[in-house]
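The residues making up each chain are set out below.
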Amino acid sequence: QSALTQPPSASGSPGQSVTISCTGTSSDVGSYNYVSWYQQHPGKGPKLMIFEVSKRPSGVPDRFSGSKSGNTASLTVSGLQAEDEANYYCSSYAGSNDYVVFGGGTKLTVL
Amino acid sequence: GQLVESGGGLVEPGGSRRLSCEGSGFTFSTAWMSWVRQTPGKGLEWIGRIKSKADGGTTDYGAPVRGRFTISRDDSKNTLYLQMNSLKTEDTAVYYCTTDLPYCSRTTCYFLDFYYGMDVWGQGTTVTVSS
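Let me sum up the structure you'll find in this document. (Residues numbered from 1 in each chain as written. Chains lettered and ligands numbered in written order. Predicted model: local features only at pLDDT ≥ 70, side-chain atom pairs only at ≥ 80, totals over all residues. Heavy atoms only, no water.)

With that out of the way, let us pick up the state of the cysteines. Residues and elements named next belong to chain B. This structure, assessed with the given rule, holds three disulfides over all chains. Paired through a disulfide, Cys 21 and Cys 97 show a sulfur-sulfur distance of 1.9 Å. Classification of the bridge connecting Cys 21 and Cys 97 rests on its S-S torsion, roughly 60°, and on that basis the disulfide is right-handed. Residue Cys 21 is found in strand E3 (residues 17-24), and its partner Cys 97 is found in strand E9 (residues 93-100); the two are separated by 76 residues along the sequence. Considered together, Cys 21 and Cys 97 belong to a single accessibility category, that of buried residues. If you count the bonded cysteines of chain B from the N-terminus, they pair up as 1-2, 3-4. (Disulfide = S-S within 2.5 Å. Helix = DSSP H or I, 4+ residues; strand = E, 2+ residues; numbered from the N terminus. Buried < 20%, exposed > 50% of the residue type's maximum accessible area, 1.4 Å probe, protein only.)

Written out as structure tokens, the structure reads:
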């Protein structure tokens, strides 16, 4: 099983907002502000959507936002669009021994 | 930037395989590069990283592959390699190469020794370890 815990699925209608959680421990998410989120469409490689908890790479719509509270990080997708339907993975720096840990992924369905 | 992996296929347990990853659209020689694999059961797993030659060219590996896998690069060919030896059935996965995300201040960008993010990903190449 993955080190970070994500819900296996989430859904919302077009235009709505949905939030995906990512729960770690005090050794990873809770200790570092180096949480990233990736979007992956079927058959494609992941795409960086959020880094350093809440920063967006250029080209990522501002409908995507990130936050963190304690050991839990969250990704919110606002104004859902059909193309947002994908799998989303969180990741966190986990110290020099583990380097990075990933979540198991959340399948986002746009109803 | 773009990354294209190749070299995947069917390998017998105990065998070896070399994956390649060709980069384009960015300055390959200055990039820090990583390999990540993905399986249905264990999800995404970091394999290892190689720094640019200018930053020492050193490598780091995750525990599951340390001592069996080797990452190298040929900057003249804009190509990253993953040499996999003593393969096990649990190494069956889709293998991705990625560029590390640089940290950028207002005046400069540089790579961090710790995980900061993975910027560009390839489309992946599948390795199946089975007899």
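Moving on, we come to the pairing of E3 of chain B. The pairing of strand E1 (residues 2-6) of chain B with E3 of chain B spans five bridges and is classified as antiparallel. When the sheet's bridge partners are listed, Ser 6 of chain B is paired in E3 of chain B with Ser 20 of chain B. (Pairing = 2+ DSSP bridges.)

Size of an interface: often given as the accessible area lost when the parts come together. Counting from both sides, the interface comprises 20 residues of chain A and, opposite them, 21 residues of chain B. Taken over both partners, the interface formed by chain A and chain B buries close to 1,800 Å², and the fraction arising from carbon and sulfur atoms is 63%. On the surface where chain A and chain B come into contact, there are zero salt bridges. Here chain A and chain B share eight residue pairs in polar contact (both at pLDDT 80 or more) between them. Of all the secondary structure elements, the ones that give two or more residues to the side of chain A that touches chain B are strand E3 (35-40), strand E7 (86-93) and strand E8 (100-102) of chain A. (Contact = heavy atoms within 4.5 Å. Buried area = accessible area lost by both parts, 1.4 Å probe. Salt bridge = Lys/Arg side-chain N within 4 Å of Asp/Glu carboxyl O. Polar contact = N/O pair within 3.5 Å; in protein donor to acceptor, adjacent residues only side chain to side chain.)

Bringing unusual backbone geometry into the picture now. Phi is positive for Glu 52 of chain A, which is not a glycine, with a value near 50°. The residue Glu 52 of chain A is located in the loop between strand E4 (47-50) and strand E5 (64-69) in this model.

A word on the packing of aromatic side chains. Evaluation of the coordinates by the stated rule reveals 14 aromatic pairs over all chains. A ring pair is formed by Tyr 96 of chain B and Trp 121 of chain B, whose centres lie 5.8 Å apart and whose planes are at 70°; its orientation type is edge-to-face. You can see Tyr 96 of chain B sitting in strand E9 and its partner Trp 121 of chain B sitting in strand E12 (residues 118-121), a full 25 residues away along the chain. In this pair, the class of Tyr 96 of chain B matches that of Trp 121 of chain B, namely buried. Grouping aromatic residues by their ring pairs yields a cluster made of Tyr 32, Tyr 34, Phe 51 and Tyr 93 of chain A together with Tyr 103, Tyr 110, Phe 114 and Tyr 116 of chain B. (Phe/Tyr/Trp six-rings, centres within 6.5 Å; stacked < 30°, edge-to-face > 60°.)

Below, the discussion takes up the side chain of Arg 73 of chain B. All names here are of chain B. Residue position: Arg 73 is located in strand E7 (residues 69-74). Relative accessible area serves as the criterion here: at 9%, Arg 73 is assigned to the buried category. Among the polar contacts listed, one links the side chain of Arg 73 to the backbone oxygen of Phe 28, at a separation of 2.7 Å. Only 2.9 Å separates the side chain of Arg 73 from the side chain of Asp 75, close enough to count as a polar contact.

Let's shift gears to the sheet that holds strand E2 (residues 18-23) of chain A. All names here are of chain A. As summarised here, the arrangement of the three strands in space is E2-E6-E5, forming an open sheet in which the pairing is antiparallel. Only two strands of the sheet have a single neighbouring strand rather than two, namely E2 and E5. Strand-to-strand twist in this sheet, taken as the mean axis angle between neighbours without regard to direction, amounts to 20°. The sheet contact formed by E2 and strand E6 (residues 72-77) spans six bridges and is antiparallel. (Axes fitted to C-alpha atoms, helices over the stretch in contact; angles between N-to-C directions.)

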